[in-house]
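Chain by chain, the residues run as shown.
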Amino acid sequence: MYEALEAELARIGADFETRVVVVTGTGRGFCSGADLKAHRDHEASMAERHAYIETSQRVFRAIQTLPQPVVAAVNGHAIGAGCELALSCDFVIVAEEAKLRMPEVALGTFIGGGTAYTLRRRVGHARAAELILLGRYFTPEEAGAWGLANEVLPAEEVLPAALDLAGRLARNAPISMRLAKRLLDRAESVDPEEALRLEAEALFTCMASEDWREGLEAFAEKRAPVYRGR
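J.: Mind showing me how you'd approach the sheet that holds strand β6 (residues 151-153) here?
T.: Pairing between sheet strands relies on hydrogen bonds along the backbone, with the strands arranged either parallel or antiparallel. Overall, parallel pairing links the four strands, which are arranged β1-β2-β4-β6 in an open sheet. Because the sheet does not close on itself, it has two edges, and the strands there are β1 (21-24) and β6. In this sheet, adjacent strand axes meet at a mean angle of 20 degrees when their direction is disregarded. Alignment of strand β2 (residues 70-74) against strand β4 (residues 91-95), held across four bridges, turns out to be parallel. Among the inter-strand pairings, Val 74 is bridged to a residue of β4, identified as Val 94. Contacts from helix α8 (residues 155-170) reach β1, β2, β4 and β6, with the element oriented near 160 degrees to β4.

J.: Hey, could you run me through the nonpolar core in this one?
T.: Side chains that are nonpolar tend, in soluble globular proteins, to be buried together. Counting 50 residues, the largest nonpolar core has Phe 30, Val 74, Ile 93, Leu 100, Leu 119, Phe 138 and Leu 148 as its most contacted members. The element that contributes the greatest number of residues to this core is α8, accounting for six residues. Those residues within four positions of Val 74 in sequence are excluded, and the remaining contacts are Phe 30, Ala 86, Val 92, Ile 93, Val 94, Ala 95, Leu 100 and Val 158.

J.: What should I look at first to understand the packing of aromatic side chains in this one?
T.: Each aromatic ring pair is described using two quantities: the centre-to-centre distance and the angle formed by the ring planes. Evaluated as defined, the whole model comprises three aromatic pairs. Taking the centre distance of 6.2 Å and the plane angle of 65 degrees together, the rings of Tyr 2 and Phe 60 count as edge-to-face. Taken together, the residues span a long stretch of sequence, with Tyr 2 in helix α1 (residues 2-13) and Phe 60 in helix α3 (residues 46-65) at a distance of 58 residues. Each member of the pair Tyr 2 and Phe 60 is classed as buried. Relative to Trp 146, the ring of Phe 138 has its centre 5.9 Å away and its plane inclined at 35 degrees; by these criteria the two rings are tilted. By relative accessible area, Phe 138 is classed as buried at 3%. Taking relative accessible area as the criterion, Trp 146 reaches 16% and is therefore assigned buried. A cation over an aromatic ring shows up here: Lys 99 above the ring of Tyr 137, its NZ or CZ 5.7 Å from the ring centre. The aromatic ring of Tyr 137 is capped on one face by Arg 101, whose charged end is 5.0 Å from the ring centroid.

Conventions we followed
Residues numbered from 1 in each chain as written. Predicted model: local features only at pLDDT ≥ 70, side-chain atom pairs only at ≥ 80, totals over all residues. Heavy atoms only, no water. Pairing = 2+ DSSP bridges. Helix = DSSP H or I, 4+ residues; strand = E, 2+ residues; numbered from the N terminus. Axes fitted to C-alpha atoms, helices over the stretch in contact; angles between N-to-C directions. Contact = heavy atoms within 4.5 Å. Core = buried A, V, L, I, M, F, W, Y, C linked by side-chain atoms within 4.5 Å. Buried < 20%, exposed > 50% of the residue type's maximum accessible area, 1.4 Å probe, protein only. Phe/Tyr/Trp six-rings, centres within 6.5 Å; stacked < 30°, edge-to-face > 60°. Lys NZ or Arg CZ within 6 Å of the ring centre and 35° of its normal.

As structure tokens, this is what we get:
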């Protein structure tokens, strides 16, 4: 699955016609994480272990740095790597029936996707330690209250809501969105002076685009803009 995701994300990232990405699960669950029975039954070689770990980490980072916004439609349980995959996305809409958990430490394995950093950034040290070190289940309502989920809805409403959100995002200027996502990803690693410089560069790029002119004209004409990503 990681290899398939990596290939698809590479294709999407190079496709400027794709404005937004929605990730969801097939069936009742979003993703239940690693196949622990397969890990138990097959003694992986050192090379296989390296390939598994490195591929998974590339996939998480690819989602986090994909030029387009990524919406997670968490239609059911998101456990372990499945939970970490959802939290790598820019927007998370989760089913109120879903179970959420990062149980790796309790199972003698370890978290992935940069979760030790990203989760702490989102919810603070105390809450991140609670979720990672205890590995306890947490509810969609808790995820919403902590800022880990944007919306909590009945399962049947999750994908339609995600697609509606994707449609609203897709109507925005794609160059501006790509630049904004890039700066948000770097926000924790730059100082205020560097942040101002990067914002100025992004604004200069936008002002040189056709979409900038379209936005101005649409505003003056009181109509919805039609952005072409140029």
